[in-house]
Amino acid sequence: MPVIHITNRAGTETTLEAESGISVMENLRDNDYEVDAICGGSCACATCHVYIDAAWQSKLAPPEPDEQGLVEDEPTFKPTSRLSCQIEMTDALDGLKLTIAPEA
Amino acid sequence: MSEHIVIVGAGHAGGTLAVQLARAKDRFRITLIGEEAWPPYERPPLSKQFLMGDVPLEKTFLRPETFYADKGIDLRLGTQVTAIDRTARSLTLSGGETLSYDKLALCTGTRVREIPVVGRDLPGVHYIRTIDDTQAIRTVAREGAKVVIAGGGYIGLEAAAALRKMGCEVTVIEMMDRVMARAVAEPVSRFYEAAHRAEGVNLLLETGVAEIGGTDRATHVVDSHGHLHPADLVLVGIGVVPVVELAEAAGLATDDGIIVDSRARTSDPDIFAAGDCTRHPNRILGRDVRLESVQNAVDQARCIANELSDKGADYAEVPWFWSDQFDLKMQMAGLPAPDDQVVVRGEPSTRSFSVFYLRDGRVTGVNAINVGSDYVRGRKWIGEGRDVDSVRLANTEIPIKEV
């Protein structure tokens, strides 16, 4: 199983044994990390906002325009921001490091 | 001694509340009661991806089925609450069991508005509210199947788009002179009407359903102009009504919804309510509203969780909604009045444009079609109560951030 290293809103880092083939958001949500993912992963809100560790940026497919449009206008936007519903977890992402963005 | 929180209704609001409270599991003992056989799930896919078969059933669940037991939540499915005894602080369940509570949360949601015509009870007539509804529709909605949809609102149009993609022949019958008339301004309605017709939907406006015909099952719909439309399947999406009977019978204040205050408290200090079933004040909107939306269900559930955790804050969120039809992703925020000024930004023929609503120069609403940045900006402006120059807003040469 690939793992994801997650820093939660309180700043605590934990490691999650993740499931491949579903989104990073689903991995976070199903394991009770603090993403609301209100729209259920249809890229219609920005409540699964995370910051991807700089070292992992290049390993991810770049965001589609609709994801970019949504996330870049979040008040908590950073250049490393992504919507975790738009990132599919794969074995190649074993060790992915991310931080849950603060509530907007 | 943990406090026993009983949540009635395992929809988006009830499910969210249970999940939130379970994070303080030493403090709360949680019972979540749902009428349906399924754990809390997302309803939006029922008229979209789940209808098309693009997502499996489990993908619609708010949390995996095992989550509730893992978190110590007593999830009771297939169970109805028949009465609340406020004095004893207890509930009567459908099996006759009595269940006591310290605090109660009513997340009873809505039920579908039934179509008041002859033939409404025939097999083959379906609503789209539950997983069971959509699963039943999917057994009939094959390529070439004739589907007549009563109602050109979000649900009817989303279903029409999904069923067209599945190869069904689709007729939509709408009573008003334009689609989604309660929710969006005319330019948006006209754009969606054209989009549906271009995709082969037979869209009839200013037309009602007079009768659903058939003997053993529905075989046709007669419209208000006397025209007959053959149907293998009849779908009805003409709105929903709040489920308030339990609250009413218990003597709680209701008015087209369970009345709650800005902290989601009902007229009984031990009883809260959240989601589609509530009428609540919204400071940003400056009035009381009853909303049918996932956003409100989640945010109001969080409001209750915060209140119960001594982190209470007044509910004040900009309402937002979305609707997916064909390749069109519409994101909406605010609750504009029918006579607000309408400003179109962009060219609808590009299938990427937005409509803003202004009242005395202030932004009250936005509908953004395939243009997420306009939606995000509009939602922010509504929250800030910002004045915007309508001429600059309509000029797409000015980036939205600089309007």
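1. Thoughts on helix α9 (residues 372-384) of chain B
Then step 1. Between its terminal C-alpha atoms α9(B) stretches 19 Å, which fits the 18 Å expected from 13 residues at 1.5 Å a residue.
Then step 2. The set of residues buried in α9(B) consists of B:Gly372, B:Asp374, B:Tyr375, B:Val376, B:Arg377, B:Gly378, B:Trp381 and B:Ile382.

2. Some points on the confidence of the model for chain A
If pLDDT is low for a region, its predicted coordinates should not be looked at in detail.
Then step 1. For chain A, the average pLDDT comes to 93, and 100% of its residues sit at 70 or higher.
Then step 2. The secondary-structure element of chain A with the lowest mean pLDDT is helix α2 (residues 65-72) of chain A, recorded at 86, while strand β1 (residues 3-7) of chain A shows the highest, at 98.

3. A look at the interface of chain A and chain B
Then step 1. Each partner contributes residues to the interface: chain A has 22 residues there, and chain B has 28 residues.
Then step 2. Our enumeration of links across chain A and chain B arrives at six salt bridges.
Then step 3. One can count 10 residue pairs in polar contact (both at pLDDT 80 or more) joining chain A with chain B.
Then step 4. Of all the elements in the fold, those that place two or more residues in the side of chain A that touches chain B are α1 (24-30) and α2 of chain A.
Then step 5. Take the side of chain A that touches chain B: its biggest share by element is four residues, from α2(A).

4. Quick notes on the nonpolar core
Then step 1. Of all hydrophobic cores here, the largest spans 53 residues; its most connected members are A:Leu28, A:Leu98 and B:Leu393.
Then step 2. If you tally residues by element for this core, the top one is α9(B), at four residues.
Then step 3. Once residues within four sequence positions are removed from consideration, B:Leu393 is found in contact with B:Val343, B:Arg345, B:Phe356, B:Leu358, B:Trp381, B:Val388, B:Ile400 and B:Val403.
Then step 4. In terms of nonpolar packing, the next biggest core, distinct from the first, is built from 48 residues, B:Leu57, B:Ile149, B:Met166 and B:Met180 among them.

5. A closer look at the domain arrangement of chain B
Then step 1. Each domain of chain B was delimited in the assignment, giving domain 1 (3-111 + 240-308), domain 2 (125-236) and domain 3 (327-402).
Then step 2. One C-alpha centre belongs to domain 1 of chain B, the other to domain 3 of chain B, and the line joining them spans 33 Å.

6. Notes on the sheet that holds strand β11 (residues 169-173) of chain B
All names here are of chain B.
Then step 1. As summarised here, the arrangement of the five strands in space is β9-β16-β10-β11-β12, forming an open sheet in which the pairing is parallel. Because the sheet does not close on itself, it has two edges, and the strands there are β9 (125-127) and β12 (202-204). Sheet twist, expressed as the average angle between the axes of neighbouring strands with direction ignored, equals 20 degrees.
Then step 2. Strand direction decides the pairing type here: strand β10 (residues 146-150) and β11, joined by five bridges, are parallel.

7. Considerations on the packing of aromatic side chains
Then step 1. Considering all chains together, one arrives at six aromatic pairs over all chains under this definition.
Then step 2. The interplanar angle of 40 degrees and the centroid separation of 6.5 Å between the aromatic rings of B:Trp38 and B:Phe61 together place this pair among those described as tilted. A residue pair is termed long-range when its members are at least 10 positions apart, and B:Trp38 in the loop between β2 (28-33) and α2 (49-52) and B:Phe61 in the loop between α2 and α3 (67-70) qualify at 23 residues.
Then step 3. Between the aromatic rings of B:Phe356 and B:Trp381, the centroid separation amounts to 5.9 Å while the plane-to-plane angle is 45 degrees, which identifies the pairing as tilted. With B:Phe356 in strand β25 (residues 353-359) and B:Trp381 in helix α9, the pair connects residues that are 25 residues apart, well separated along the chain.
Then step 4. Of the residues examined, B:Phe356 reaches a relative accessible area of 0% and is grouped as buried.
Then step 5. Over the aromatic face of A:Trp56 sits the side chain of A:Lys59, whose NZ or CZ is 4.9 Å from the ring centroid.

8. Topic: the sheet that holds strand β4 (residues 81-85) of chain B
Backbone-to-backbone hydrogen bonds join strands into a sheet, with any given pair of strands oriented parallel or antiparallel.
Residue and element names in this part refer to chain B.
Then step 1. One open sheet holds the three strands; their spatial order is β4-β5-β6, and the pairing between them is antiparallel. Taken across any chain shown, the strands that pair with only one partner, and hence form the sheet edges, are β4 and β6 (98-100). With strand direction ignored, the average angle separating the axes of adjacent strands in the sheet is 25 degrees.
Then step 2. Relative to strand β5 (residues 90-93), β4 is paired through four bridges, and the arrangement is antiparallel. Residue pairing for β5: Ile84 is matched across the bridge by Leu91.

9. What about the pairing of β1(A)?
Residue and element names in this part refer to chain A.
Then step 1. For β1, the tally of buried residues reaches four of five residues, placing the bulk of the element in the interior.
Then step 2. Examined bridge by bridge, β1 and strand β2 (residues 13-17) share five bridges and lie antiparallel to one another. The residue of β2 that forms the bridge with His5 is Thr15.
Then step 3. Between β1 and β2, which pair antiparallel and follow one another directly, the connecting turn spans five residues, one of which, Gly11, has a positive phi of 90 degrees.
Then step 4. Across four bridges, the pairing between β1 and strand β5 (residues 96-100) is parallel.

10. Quick notes on the pairing of strand β7 (residues 103-106) of chain B
All names here are of chain B.
Then step 1. Burial along β7 is two-sided: the residues Lys103 and Ala105 and Leu104 and Leu106 are all buried.
Then step 2. With three bridges joining them, β7 and strand β19 (residues 271-273) adopt parallel strand pairing. Within β19, the residue paired with Leu106 across the bridge is Ala273.

11. Side note on the environment of B:Asn296
Residues and elements named next belong to chain B.
Then step 1. Relative to the assigned elements, Asn296 resides in helix α8 (residues 294-308).
Then step 2. Judged by its relative accessible area of 0%, Asn296 falls in the buried class.
Then step 3. Other than its neighbours up to four places away in sequence, Asn296 contacts Gly275, Asp276, Thr278, His280, Leu291, Ala301 and Tyr315.

12. Topic: the pattern of salt bridges
Side chains that differ in sign of charge can pair as their charged atoms come close.
Then step 1. The full count for this structure, using the stated rule, is 33 salt bridges over all chains.
Then step 2. Here B:Lys59 and A:Glu26 are joined by a salt bridge, their closest N and O atoms 3.0 Å apart. One end of the pair, B:Lys59, is in the loop between α2 and α3; the other, A:Glu26, is in helix α1, on a second chain.
Then step 3. When its relative accessible area of 34% is taken as the criterion, B:Lys59 is described as partly exposed.
Then step 4. Taking the shortest distance from any N to any O, the salt bridge between B:Glu307 and B:Arg265 comes out at 3.2 Å. Of the two residues, B:Glu307 is situated in helix α8 and B:Arg265 in the loop between β18 (258-259) and β19; the sequence distance between them amounts to 42 residues.
Then step 5. The partly exposed category is assigned to B:Arg265, whose relative accessible area is 31%.
Then step 6. One connected set of salt bridges, linked through shared partners, spans B:Asp261, B:Arg263, B:Arg265, B:Glu307 and B:Asp314.

Conventions we followed
- Residues numbered from 1 in each chain as written.
- Chains lettered and ligands numbered in written order.
- Predicted model: local features only at pLDDT ≥ 70, side-chain atom pairs only at ≥ 80, totals over all residues.
- Heavy atoms only, no water.
- Helix = DSSP H or I, 4+ residues; strand = E, 2+ residues; numbered from the N terminus.
- Expected span 1.5 Å × (residues − 1).
- Buried < 20%, exposed > 50% of the residue type's maximum accessible area, 1.4 Å probe, protein only.
- pLDDT = per-residue confidence, 0-100.
- Contact = heavy atoms within 4.5 Å.
- Salt bridge = Lys/Arg side-chain N within 4 Å of Asp/Glu carboxyl O.
- Polar contact = N/O pair within 3.5 Å; in protein donor to acceptor, adjacent residues only side chain to side chain.
- Core = buried A, V, L, I, M, F, W, Y, C linked by side-chain atoms within 4.5 Å.
- Domains from an automatic or database assignment.
- Pairing = 2+ DSSP bridges.
- Axes fitted to C-alpha atoms, helices over the stretch in contact; angles between N-to-C directions.
- Phe/Tyr/Trp six-rings, centres within 6.5 Å; stacked < 30°, edge-to-face > 60°.
- Lys NZ or Arg CZ within 6 Å of the ring centre and 35° of its normal.

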